[in-house]
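Here are the chains, one letter per residue:
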Amino acid sequence: MKTITICCSASFYRQALEVEEELRERGFQVHIPHTAYTMKESGDFNVATYKTWFANENDWGKKTELMRMHFQKVLEGDAILVLNYEKNGVEGYIGGNGLMEMAIAFHYKKPIYILNPVLRALPFYEEIMGMQPIVLDGDLDKLQV
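Please read all numbers here as calculations on a predicted model, not as lab measurements.

Calculation rules
- Residues numbered from 1 in each chain as written.
- Predicted model: local features only at pLDDT ≥ 70, side-chain atom pairs only at ≥ 80, totals over all residues.
- Heavy atoms only, no water.
- Core = buried A, V, L, I, M, F, W, Y, C linked by side-chain atoms within 4.5 Å.
- Buried < 20%, exposed > 50% of the residue type's maximum accessible area, 1.4 Å probe, protein only.
- Helix = DSSP H or I, 4+ residues; strand = E, 2+ residues; numbered from the N terminus.
- Contact = heavy atoms within 4.5 Å.
- Pairing = 2+ DSSP bridges.
- Axes fitted to C-alpha atoms, helices over the stretch in contact; angles between N-to-C directions.
- Salt bridge = Lys/Arg side-chain N within 4 Å of Asp/Glu carboxyl O.

(A) Structural view of the nonpolar core. In terms of nonpolar packing, the biggest core is built from 25 residues, with I6, L23, L81 and L83 touching the most fellow members. Only β1 (3-8), α1 (13-25), α2 (34-42), α3 (47-50) and β3 (79-83) provide two or more residues apiece to this core. The element that contributes the greatest number of residues to this core is α1, accounting for five residues. Those residues in contact with L83, other than ones at most four positions away along the chain, are I6, C7, C8, F12, Q15, A16, V19, Y93 and L115. Counting 17 residues, the second largest nonpolar core, distinct from the first, contains I94, M102, I104 and I112.

(B) Seen up close, the sheet that holds β1. Spatially, five strands are ordered β2-β1-β3-β4-β5 in an open sheet, and the strand pairing comes out parallel. Each edge of the open sheet is held by one strand with a lone partner, namely β2 (29-31) and β5 (134-135). With two bridges joining them, strand β4 (residues 112-114) and β5 adopt parallel strand pairing. Considered in β5, the bridge of I114 is made with V135. Strands in contact with helix α4 (residues 60-76) are β1, β2 and β3; relative to β1, the strand with the most contacts, it is inclined by about 145°.

(C) Spatial organisation of the pattern of salt bridges. Applying the stated criterion across every chain, the model contains five salt bridges. Its salt-bridge partner being R26, residue D141 comes within 2.8 Å of it at the nearest N-O pair. Here D141, found in the segment after β5, pairs with R26, found in the loop between α1 and β2; they are 115 residues apart in sequence, far enough to count as distant. Put simply, D59 and K62 hold a salt bridge, and the shortest N to O gap is 3.6 Å. In this structure D59 comes out as buried when scored by relative accessible area, which is 14%. A relative accessible area of 45% means that K62 is categorised as partly exposed.

It is worth stressing that arrangement in space is one thing and function is another; only the former is reported here.
Right, here's the structure in full:
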């Protein structure tokens, strides 16, 4: 059974849980960011609740650990799926963490799937497209791992 690691902004963790369920129904094993499960358990999907490091600099270690945990999930997966929805008026948003996770997958020659089109206006467009991702145009049926 192939394993897909979902990568996305914390703003998309509700969608990540939905996509996780859909991929499991299709026969995949799925890894998603740890905080998505915490959000599900609490019912609180407000990202600011979890980013405590901005208010308390002693919490930066939490951010470090969350990044390391998800980087490990990228390594353990057979491919990554980047969920890139609209965020703050930016269509197909991919942020810094998503870019780093993509870079790890790229370096380890794992297929990189991106759910929605990548717009030229994104700050990392050149780097994203240089990794030659497979853009699914919103259609999970195109996922071929």
